[in-house]
Amino acid sequence: MKVNKMPATLTFDDMKTQVADGTVDTVLVCFVDMQGRLMGKRFHGANFVETSFEETHCCNYLLATDLEMATPEGYASTSWETGYGDYVMKPDLTTLRPVPWLEGTVMVLCDVLDHHTHEPVPHSPRAILKKQIKRLEALGFEAKMATELEFFLFEKTLDEIRKGGFRDLAPISSYNEDYHIFQTTKEEGVMRPIRNHLYAAGLPIENSKGEAEAGQEELNIRYSPALECADYHSIAKHAIKEIAWQNGHAATFLPKWHKDRVGSSSHVHQSLWKDGEAAFFDKSGKHGMSKVMEHYMAGLIHYSPEYTYFLAPYVNSYKRFSKGTFAPTKTVWSVDNRTAGFRLCGEGTKGVRVECRIGGSDLNPYLAQAVMLAAGIKGIEDAMELAPATTGDVYEDAKAMDIPQTLRDATQTLRGSKFLREVLGDDVVDHYTRAAEWEQEEFDRVVTDWEIARGFERA
Ligand code: ADP
């Protein structure tokens, strides 16, 4: 299968011309934080092309904060004691692209570097993924990935919803719209600009489709080298929220917004390539799988309980894993079976690949891809044996191993993972373990509506 590489959307020289003739006046200079959000500054085009394209700076608390921008204690890299210094944001000019949904605006993604040494900051998501890509290259392989983006659209705007206390939430539609053309036509006011603007920004958009719940949509982007895939995912997620907002609606990537509604996932399709050929394909292998693919999948499956945190980083992420909802709970693989944690797709063809179905819509694509690559590499290095595929309803398979069922459990497996410490480094594992602990501590401090309603009168 030939993969068409998207042409560079905007060269720096073209951008300079556009700044000079006034077509562009604003540059979003961004990096991706621990939560997968774009953080950064809006530069005037003239300043960017003159000096700031070299580098700019940001406070180092940005890679040690939670969703609320709180500054929890307990991070070795950043603290009040060390005075919260700066990081260097180094624009990666190969990521320069227009932002067609904002007037006169372009965007560039940055690598985050140490202020003094100019070395990559080890716990920066982009650096974590780049490190695993390099390890894979040393083995002679390139990874190609695709991350699906599922999300819900709501009738009202984010501001209205927040002012209403996040109650009485009404999705944009009232019925299951899986593959539904009429219902998704009604959502074209939001979805068409999402597809077209992202395509014009240089993202190889494949399609959008209605998903299996009222108000649920999915966006698919063509598979690409791992780093580009993660960049695309972050930009697309950001754009979906902004374009929905521009059109008077809310988009949410919260994996489970209602106990009775299906959750949102981010399935990750993965394949390895060598010298432009599909390294996962061997037409004489079982299901067309090469030995390399079998070893990769064995590692991927074996280590999944240890890296689940990176696929499900919040308390809410674990509410998605319920039986009979297509959200998997078991660390097994299956051929084209949506109830298993890992699904073989493209059986017997050059497009043979593995899809990890565990991740929620809230995953950080850099971290998720990095840990899965690391697990696959380990499988290849140790020539791990792949167990036979499971069949039938995997939810009922008592022998299959479970992934951690709560954030607390996933934090424990993360903290104790020798494998992750070896491949990511102790500093990185400790950093993200602290993020996970903090999330749990914050939740544990809260008295929920459910507890009050259940026990107020009857306890
Ligand atoms: P389905 O509809 O069954 O989910 P698709 O054919 O739409 O499957 O593919 C899902 C995703 O897999 C797409 O984003 C596609 O680009 C990606 N994909 C296709 N081939 C490969 C491959 N060899 N490696 C990684 N991802 C792939």
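Just so you know, these numbers come straight off a predicted model, no measurement behind them.

Moving on to the site of the ligand. By nearness alone, 14 residues border the ligand, and Glu206, Ile221, Tyr223, Ser271 and Arg353 come closest of all. Contacts to the ligand include Arg353, whose side-chain N or O atom sits 3.2 Å from an oxygen atom. In isolation the ligand offers 570 Å² of accessible surface; the protein chains occlude 76% of this area. At the level of elements, strand S6 (142–147) and strand S12 (268–274) are the ones that each hand at least two residues to the shell around the ligand. In terms of residue count, S12 provides more of the shell around the ligand than any other element does, three residues in total. Taken together, the residues of the shell around the ligand break down into four nonpolar, three polar and seven charged.

Burial in helix H2 (residues 45–52) covers these residues: Gly45, Phe48, Val49 and Ser52. The buried residues of H2 occupy one face: seen down the axis, they fall within an arc of 135°. Buried residues in H2 make contact with helix H1 (12–20), strand S1 (26–32), strand S2 (38–44), strand S3 (56–59), strand S4 (86–98) and strand S5 (105–114).

Attention now goes to the pattern of salt bridges. This structure, assessed with the given rule, holds 28 salt bridges. Among the salt bridges present, the one from Arg126 reaches Asp111, with a minimum N-O distance of 2.9 Å. Of the two residues, Arg126 is situated in helix H3 (residues 125–138) and Asp111 in strand S5; the sequence distance between them amounts to 15 residues. Of the two residues, Arg126 and Asp111, both sit in the buried class. Here Glu211 and Lys209 are joined by a salt bridge, their closest N and O atoms 2.9 Å apart. For the pair shown, Glu211 and Lys209 are each scored as buried. A single network of salt bridges, built from pairs that share partners, joins Asp92, Asp111, Arg126, Lys130 and Asp231.

Here we come to the packing of aromatic side chains. Counted by the stated rule, this structure contains twelve aromatic pairs. Their ring planes at 35° and their centres at 5.3 Å tell us that Phe151 and Phe253 sit as a pair that is tilted. Highlighted residues: Phe151 in strand S7 (residues 149–154) and Phe253 in the loop between strand S11 (250–252) and S12, separated in sequence by 102 residues. Geometry around Phe182 places Lys186 over its ring, the cationic atom sitting 5.0 Å from the centre. One Lys or Arg, Lys274, reaches over the ring of Phe141 and ends 4.4 Å from the middle of that ring.

Let's shift gears to the UniProt feature "domain: GS beta-grasp" (unreviewed entry) in the protein. Within this numbering scheme, the UniProt entry marks residues 22–117 as carrying the feature "domain: GS beta-grasp" (unreviewed entry). Note that residues 22–117 is 8% helix and 43% strand, and that its end C-alpha atoms are spaced 37 Å apart.

Attention now goes to the pairing of strand S9 (residues 216–221). Counting buried positions over the six residues of S9 gives six, a clear majority of the element. What you see with S9 is no split at all: Gln216, Glu218 and Asn220 on one side and Glu217, Leu219 and Ile221 on the other are buried throughout. One ladder, built from four bridges, connects S7 with S9; its direction is antiparallel. Following the sheet pairing, Glu150 is matched in S9 by Glu218. The pairing of strand S8 (residues 205–210) with S9 spans five bridges and is classified as antiparallel. Each bridged residue has a counterpart across the sheet, and for Lys209 the counterpart in S9 is Glu218.

Definitions and limits used
Within any chain, residue numbers begin from 1 and follow the written order of that chain's sequence. For a predicted model such as this one, the threshold for reporting local features is a pLDDT of at least 70, and the threshold for listing and counting side-chain atom pairs is 80 or more; totals across whole chains, interfaces and linings nevertheless cover every residue. With hydrogens and water stripped out, all remaining heavy atoms of the structure feed into the side-chain values. One heavy atom suffices: a residue is near a molecule or strand as soon as one of its heavy atoms comes within 4 Å of it. Polar contact criterion, stated in full: a pair of N or O atoms within 3.5 Å, where within protein one must be able to donate a hydrogen and the other to accept it, and residues adjacent in sequence count only if both atoms are side-chain atoms. Each accessible area is a Shrake-Rupley result for a 1.4 Å probe, and residues are judged covered by the shown protein chains and nothing else. Helix and strand definitions follow DSSP, with helices as H or I runs of at least four residues and strands as E runs of at least two, each counted in order from the N terminus. Side-chain classes follow a simple rule in which Ala, Val, Leu, Ile, Met, Phe, Trp, Tyr, Cys and Pro form the nonpolar group, Asp, Glu, Lys and Arg form the charged group, and the remainder, Gly included, forms the polar group. The buried label applies to any residue whose accessible area, calculated with a 1.4 Å probe on protein chains only, is under 20% of its type's maximum; exposed applies above 50%, and partly exposed to all values in between. Taking the helix axis as origin, the arc is that swept by the directions to the C-beta atoms. Contacts: residue pairs with any heavy atoms within 4.5 Å of one another. For this document, the term salt bridge refers to a Lys or Arg side-chain nitrogen within 4 Å of an Asp or Glu carboxyl oxygen. In summary, the pairing rule links any two rings of Phe, Tyr or Trp, Trp by its six-membered ring, whose centres are within 6.5 Å, and it sorts them by plane angle into stacked for under 30 degrees, edge-to-face for over 60 and tilted for everything else. Here, over-ring charges are defined by two tests on the NZ atom of lysine or the CZ atom of arginine: distance to the ring centre within 6 Å, and angle to the ring normal within 35 degrees. UniProt positions are given in the numbering used here, feature names are shortened, and annotations may be inferred rather than shown by experiment. Any two strands with at least two DSSP bridges between them are considered paired.

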